[in-house]
Each structure stands twice: as structure tokens, then as C-alpha cells.
Amino acid sequence: MTLLYSEVEEELRSAVRDLLADRCPPATVLARIENPSSYDAGLWKALARDIGVAGLLIPEELGGAGASAREAAVVLEELGRAVTPIPFLTSAVLATWALLEAGTDAARDLLTALAGGETTAALAVSFASSPYSWEAGTAPATVTAEGGSPPRAACGSSPCDPPRTTDLPTL
């Protein structure tokens, strides 16, 4: 196993770095702190459209690039280097991985929507199913999406409960 980056990984790094240099200078990142939006949707769409980062880990038959975790790590390094306010880790890595593992038709549909970057997703794991809770339960993980399609959930072989808001105790 080699720890050196391949030519493809270096090209990906260069493409992400160049786009971020043009679209995400430090002044823009600082201004984003004052903005009520959680991420820069225009920058996310540019990275998704121009480089394909939204579908990096999604198989080619679902409209993605079919890349590996190594390529995702290269993108994450560059996004961290520029302190980029986009949902790559949450949508294109964590939620994508959970949907790939689910293997349902609903998950495949959502993966297809995620691949183009018009839809974003977030993985939500209930405290009841967390291995760090007092009593680990069997509640499923839920992936919700926003953007080009209505919010949906896809988990296991059965329909998921809709996301709920829970009042957390004050510690």
C-alpha cells in the first residue's frame, strides 16, 4: 500500500483548490459567519457541477463518480484548508455512506438526487440508537434531504418514522 497521492488524486486536489481560491477567499469565509445561512449554496453547487464532489462516493450507475474514501479525503483536506462552508462531510460522505448501506429503493432514489448536488442530506442518529446512550435501542438512523426533492427518509427495509424534535435535558 502506498501513502503517496496518485495522479488522479493530485488532479482532484488541484481542481478543488483552484475553485476554492476563486470562490472562497478568507474574507468570504469571515462574512459567512454573519450570514444566517448555514452554508454557501452557490459554492456547493459550483463544486458539485464543476468537479462532481457531491456524487464522489456515489456509484456511477446512480449518477456519481464511484470514487473511494481516498478521493473524499483529498477533497476534505482542501475544504478544511480553505475553511469552506459547504455540506460535503454531512451530505456527500456521512449521509451517502448511510444510504449506500441501507440499499433500499428509497435510498437509491435519494442517492441519485444527491449525486448532482441539487439536494443535500444530513444523517441523524437518535440518542436511543446511539452506543453512547444509557440504553441502546433499535431506532433506525434517518437521512433527510432538502433541495431538489421533498424531505424523505430511507432506512433499513421498513419505512422510517418522521424526524422528531426532542427537548434535551440541561446538564
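Presented here is a report on the structure given in the accompanying data block. All values derive from a computational prediction rather than experimental measurement.

**Section: the side chain of Glu9**
Right, so step 1: Inspection of the secondary structure puts Glu9 in helix H1 (residues 7-23).
Right, so step 2: According to the relative accessible area criterion, Glu9 is buried, its value standing at 4%.
Right, so step 3: Within polar-contact distance, the side chain of Glu9 engages the side chain of Arg70 at 2.8 Å.
Right, so step 4: Setting aside residues up to four positions removed in sequence, Glu9 forms contacts with Leu4, Arg70, Glu71 and Val74.

**As for unusual backbone geometry**
Right, so step 1: With a phi angle near 50°, Val83 is a residue other than glycine that sits in the positive phi range.
Right, so step 2: With respect to the helices and strands, Val83 occurs in the loop between helix H4 (69-81) and helix H5 (88-102).

**Describing a nonpolar patch on the surface**
Right, so step 1: A cluster of nonpolar side chains, Leu76, Leu89, Leu94, Leu123 and Val125, forms an exposed patch at the surface whose accessible area comes to about 370 Å².
Right, so step 2: By secondary structure assignment, the location of Leu76 is in helix H4.

**Section: the side chain of Arg13**
Right, so step 1: Structurally, the position occupied by Arg13 is in helix H1.
Right, so step 2: Separated by 2.8 Å, the side chains of Arg13 and Glu77 make a polar contact.

**Side note on the packing of H1 against H4**
Each packed pair of helices is defined by two parameters, the angle between the axes and the distance between the axes.
Right, so step 1: Remark: H1 packs on H4, axes separated minimally by 9 Å, with the N-to-C direction vectors making an angle of 30°. Judged on the interaxial angle alone, H4 and H1 are roughly parallel. Here the hand of the crossing between H1 and H4 comes out right-handed. Across the interface between the two elements, Glu9, Leu12, Arg13, Val16, Arg17 and Leu20 from H1 touch Arg70, Glu71, Val74, Val75, Glu77, Glu78, Leu79 and Arg81 from H4.
Right, so step 2: When grouped by side-chain class, the residues that make up the contact of H1 with H4 number six nonpolar, no polar and eight charged.

Parameters and conventions
- Sequence order as written defines residue numbering, which begins from 1 separately in each chain.
- Residues qualify for local features only when their pLDDT is at least 70, as the model is predicted, and side-chain atom pairs are given and counted only at 80 or more; totals for whole chains, interfaces and linings, by contrast, use all residues.
- In computing side-chain properties, one takes all heavy atoms of the structure into account and sets aside hydrogens as well as water.
- A run of DSSP states H or I qualifies as a helix once it reaches four residues; a run of E qualifies as a strand once it reaches two. Both are numbered from the N-terminal end.
- With a 1.4 Å probe rolled over the protein chains alone, any residue whose accessible area is under 20% of its type maximum counts as buried; one over 50% counts as exposed, and the rest are partly exposed.
- Whenever two N or O atoms come within 3.5 Å, that pair is a polar contact, provided that in protein one can donate a hydrogen and the other can accept it, and provided that, for residues adjacent in sequence, both atoms are side-chain atoms.
- We call two residues in contact whenever any of their non-hydrogen atoms come within 4.5 Å of each other.
- Within the patch definition used here, like charges are joined within 9 Å and nonpolar side chains (Val, Leu, Ile, Met, Phe, Trp, Tyr) within 5 Å, considering only residues with over 30% relative accessible area and no salt bridge.
- Calculation of accessible area relied on Shrake-Rupley with a 1.4 Å probe; when residues are assessed, cover is drawn exclusively from the protein chains displayed.
- By definition, a salt bridge exists where a carboxyl oxygen of Asp or Glu is found within 4 Å of a side-chain nitrogen of Lys or Arg.
- Here an axis means a line fitted to C-alpha atoms, over the contact stretch when the element is a helix, while the angle between two N-to-C directions is reported on a 0 to 180 degree scale.
- Angles below 35 degrees are treated as roughly parallel, those above 145 as roughly antiparallel, those between 65 and 115 as roughly perpendicular, and all remaining angles as oblique.
- Helix crossings are classified by the rotation of the near helix relative to the far one: an anticlockwise turn of less than a right angle makes the crossing left-handed, while a clockwise turn makes it right-handed.
- Note on residue classes: Ala, Val, Leu, Ile, Met, Phe, Trp, Tyr, Cys and Pro are nonpolar, Asp, Glu, Lys and Arg are charged, and everything else, Gly too, is polar.

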